[in-house]
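Structural features, examined
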Amino acid sequence: MKDSLVLLGRVPAHPDSRCWFLAWNPAGTLLASCGGDRRIRIWGTEGDSWICKSVLSEGHQRTVRKVAWSPCGNYLASASFDATTCIWKKNQDDFECVTTLEGHENEVKSVAWAPSGNLLATCSRDKSVWVWEVDEEDEYECVSVLNSHTQDVKHVVWHPSQELLASASYDDTVKLYREEEDDWVCCATLEGHESTVWSLAFDPSGQRLASCSDDRTVRIWRQYLPGNEQGVACSGSDPSWKCICTLSGFHSRTIYDVAWCQLTGALATACGDDAIRVFQEDPNSDPQQPTFSLTAHLHQAHSQDVNCVAWNPKEPGLLASCSDDGEVAFWKYQRPEGL
Amino acid sequence: MASPFSGALQLTDLDDFIGPSQECIKPVKVEKRPGSGVAKIRIEDDGSYFQVNQDGGTRRLEKAKVSLNDCLACSGCITSAETVLITQQSHEELKKVLDANKMAAPSQQRLVVVSVSPQSRASLAARFQMNPTDTARKLTSFFKKIGVHFVFDTAFSRHFSLLESQREFVRRFRGQADCRQALPLLASACPGWICYAEKTHGSFILPHISTARSPQQVMGSLVKDFFAQQQRLTPDKIYHVTVMPCYDKKLEASRPDFFNQEHQTRDVDCVLTTGEVFRLLEEEDVSLPDLEPAPLDSLCSGASAEEPTSHRGGGSGGYLEHVFRHAARELFGIHVAEVTYKPLRNKDFQEVTLEKEGQVLLHFAMAYGFRNIQNLVQRLKRGRCPYHYVEVMACPSGCLNGGGQLQAPDRPSRELLQHVERLYGMVRAEAPEDAPGVQELYTHWLQGTDSECAGRLLHTQYHAVEKASTGLGIRW
């Protein structure tokens, strides 16, 4: 297990500050990082090392909390504590802020693009989740303001192929939303975590959702459609979500991020105990009651809390992580023999 | 408790985090007495505080109070004062006033006037399966039974709101060359929208908002000025209650601009939601359909009201429709028979255009609900708002769907709303220009349509609220 996660390199991405989040572009060639220094940095490889190709510094007045690439790879969205979301357009190595989305009452905690590229979701400490639509002229309009959560909303993520949105909150729940006529509605609430849910990740098929929490567990939820074979009850035409697996006892502090590799199915976690862990589903586990094994546990991956883990979308096993220590680290994961 | 206020208000600075109420900076007026020296404070068994002077004399100390008005007028902290807002204006308060009247000597009694909105009436009509006329008559009967003296319909005061809005638009349209901020003109009848605009966008958006008072507040002027004079009473001797489809109207009634300093009285003393009237009926053990219908009261003797009247253009007052048709006539000499609405991205965002020979003369819109208000405001900020006038309402589907309307747990809400809309639309529409009593009031009460009186009694102002940037506000 010791060798399953190997350090490839580190960069001081946001010196004297925290690095909050990372996002690989869809091509897997660039990594965007953002931090407490209000900047976004774009990293690319040059030979064996990672170098900073661009710095986006004029966009925000406060911490940049999350960044997200559009499915086409030409745009980057950044969510900031200054209550705005910037949309940057990529022109080779240059990024230009083309729009600033305003409206949230306070800190924007997350931003995510829908697989179609036409929709964007943001969420905030103001307890709301907003859905935005982009038109052909790069104009953004608010399509819906969802007030389902009762506390700060920490993260939003879209289903890999459907227009289904998931949000995680300080109110200990995960909520799912879909479009209904000319508005968006909350179609499911996932309860089970005993504390703040910090992050979410769908599996490659979109049938399962992983959530991680301040309660030090990772939960795996499965979608059951109406009329499912397993006899899971659904209300009306909406699918039901059931918690089919809980990973507890592995993390000693809050789990801030979870990432599900779309290529290998490996699940990585970022923890407040400065460690990175990787889990893999056991080969013969029952799909309705899967079991996951810990396949990598790297203590002191960083010198402080690990805030984010991100799998490269094209290169299997390439993982990036970032921390309160301001650094970004690159890792090579190999599933250990016999596990 | 889930917030009963409109979506636009919920997302403004009302935060349930109580801690920062330490930030309360309301200055408590303390009478400075000469030579008081050092005093001790003694707390009695009943919790009252007495100041004990050095010479042994005692003085009962007044409790420091933060009133509803103080909270609303100030932006010093971010405590949500919802419970304060709701308890100070409730059917309990109305009952107290009515009970006090029963015990008081004739000279101490207050004249109690209730003004009912057409939207609340439609909601009650749906609930009790009655038509609007019967509902109006039986509500009048009910209120009088419990001690109310007069029951009016805010459709009457709405004539003034619409006429003032129409005139204001034409004035601004004509004055476009001189004033960049003249257009678009945004409707002002919705307090949820006004509060949001004042707290979030401040001085940028306020010049665009119509200064015409809402029907509730025009009624406030009518009752506390015109009617008071007629009854030979000072305004503070009248207790004016309005029945409204939402809670945001309680905030509107509490605005300092609608407080009469001279007589220390509010133009509207208490706002009851439709739901609160329903609770009142239950508590008084009255079945509305079983009451004998009473004749309807009217503010002017000339207009004998056999049945209530309303306005065309939807359940939120018809601002877009009235301003549009009036502008078409006044500015271009075009008579518009039917107004055609074109829905845009959702049913709460629709536009109306006046075209002639391929040219767009007027471009109006209605924007209901927070998401549409957002988009409108953002477009305005970027200078990309194509509209001349926008009817803005905080609630999706407008006032008939306000947060204070009656719910029916056994009916799908969409079906209930459609029923309420049908009942609302059943009432005969009247053009404000033709409504009996209105022109007379402009002449005799206001001394003319563009008089100083009309400006003072039919218009209002807005105030940008500065956001208090508190250190306590920073949270991860």
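Nothing here was measured: the structure is a model prediction, and the numbers come from that model. (Residues numbered from 1 in each chain as written. Chains lettered and ligands numbered in written order. Predicted model: local features only at pLDDT ≥ 70, side-chain atom pairs only at ≥ 80, totals over all residues. Heavy atoms only, no water.)

1. Focus on unusual backbone geometry
A cis amide bond links Leu183(B) to the next residue, Pro184(B), at an omega of 5 degrees. Take Pro184(B): it is sitting in the loop between helix 7 (154–174) and strand 6 (185–186). Even without being a glycine, Arg38(A) presents a positive backbone phi close to 70 degrees. Mapped onto the elements, Arg38(A) comes out in the loop between strand 3 (30–35) and strand 4 (40–46). The class for Arg38(A) is partly exposed, based on a relative accessible area of 38%. Phi at Asp274(A) is positive, roughly 70 degrees, even though this residue is not glycine. (Helix = DSSP H or I, 4+ residues; strand = E, 2+ residues; numbered from the N terminus. Buried < 20%, exposed > 50% of the residue type's maximum accessible area, 1.4 Å probe, protein only.)

2. A closer look at the packing of helix 5 (residues 118–128) of chain B against helix 11 (residues 274–283) of chain B
Residue and element names in this part refer to chain B. Orientation of helix 5 relative to helix 11, taken along the N-to-C sense of each, is 50 degrees, at an axis distance of 9 Å. Taken together, the axis directions place helix 5 and helix 11 in an arrangement best described as oblique. Regarding helix 5 and helix 11, the two cross each other, and that crossing is right-handed. Residues Ser120, Ser123, Leu124, Arg127 and Phe128 of helix 5 lie in contact with helix 11, whose contacting residues are Thr274, Val277, Phe278 and Leu281. (Axes fitted to C-alpha atoms, helices over the stretch in contact; angles between N-to-C directions. Parallel < 35°, antiparallel > 145°, perpendicular 65-115°, else oblique. Left-handed = near helix turned anticlockwise from the far one by under 90°. Contact = heavy atoms within 4.5 Å.)

3. A look at the interface of chain A and chain B
Contacts between the two partners involve 29 residues from chain A and, on the opposite side, 22 residues from chain B. Carbon and sulfur atoms make up 36% of the area that chain A and chain B hide from each other, which totals about 2,200 Å². The partner of Asp182(A) in a salt bridge is Arg371(B), with the nearest N and O atoms 3.9 Å apart. The tally of links between chain A and chain B comes to 12 residue pairs in polar contact (both at pLDDT 80 or more). For the side of chain A that touches chain B, the secondary-structure elements that each account for two or more residues are strand 9 (94–101), strand 12 (129–134) and strand 13 (140–146) of chain A. Tallied by class, residues from the side of chain A that touches chain B come to six nonpolar, seven polar and 16 charged. (Buried area = accessible area lost by both parts, 1.4 Å probe. Salt bridge = Lys/Arg side-chain N within 4 Å of Asp/Glu carboxyl O. Polar contact = N/O pair within 3.5 Å; in protein donor to acceptor, adjacent residues only side chain to side chain. Nonpolar A, V, L, I, M, F, W, Y, C, P; charged D, E, K, R; others polar.)

4. Digging into the pattern of salt bridges
Going through the model one piece at a time under the given rule, you end up with 44 salt bridges over all chains. Put simply, Asp273(A) and Arg277(A) hold a salt bridge, and the shortest N to O gap is 2.6 Å. Summarising the burial analysis for this pair, Asp273(A) and Arg277(A) share the class buried. With its nearest N and O atoms 3.2 Å apart, the salt bridge here joins Glu452(B) to Arg456(B). With Glu452(B) and Arg456(B) both in helix 16 (residues 452–458), this residue pair falls four residues apart, about one helical turn. What makes Glu452(B) exposed here is its relative accessible area of 57%. You can call Arg456(B) partly exposed: its relative accessible area is 44%. Each of the salt bridges in this network shares a partner with another, and the network as a whole consists of Glu133(A), Glu141(A), Arg345(B) and Arg379(B).

5. Looking at helix 6 (residues 132–145) of chain B
Residue and element names in this part refer to chain B. An ideal rise of 1.5 Å per residue puts 20 Å on 14 residues; helix 6 measures up with 20 Å between its terminal C-alpha atoms. Across the 14 residues that make up helix 6, a large majority, 10, are buried. Those residues of helix 6 that fall on the buried side of the exposure criterion are Pro132, Thr135, Ala136, Arg137, Lys138, Leu139, Thr140, Ser141, Phe142 and Phe143. Where helix 6 is buried, its residues touch strand 4 (111–116), helix 5, strand 5 (150–153), strand 7 (238–244), helix 11 and helix 14 (413–426). The N-cap of helix 6, judged by a side-chain oxygen 3.0 Å from the amide nitrogen of Thr133 a few residues on, is Asn131. (Expected span 1.5 Å × (residues − 1).)

6. Overview of the packing of aromatic side chains
Scanning the model with the defined rule gives 29 aromatic pairs over all chains in all. Aromatic side chains Phe142(B) and Phe143(B) sit 5.4 Å apart centroid to centroid with 50 degrees between the ring planes, which places their arrangement in the tilted category. The pair Phe142(B) / Phe143(B) is uniform in exposure class, with both members buried. Joined through ring pairs, the aromatic side chains of Phe169(B), Phe173(B), Phe324(B), Phe332(B), Phe364(B) and Tyr389(B) make up one cluster. The ring of Phe21(A) carries the charged tip of Lys66(A) above its face, separated from the ring centre by 5.5 Å. Over the ring of Tyr442(B) we find Arg167(B), and its NZ or CZ is 5.1 Å from the ring centre. (Phe/Tyr/Trp six-rings, centres within 6.5 Å; stacked < 30°, edge-to-face > 60°. Lys NZ or Arg CZ within 6 Å of the ring centre and 35° of its normal.)

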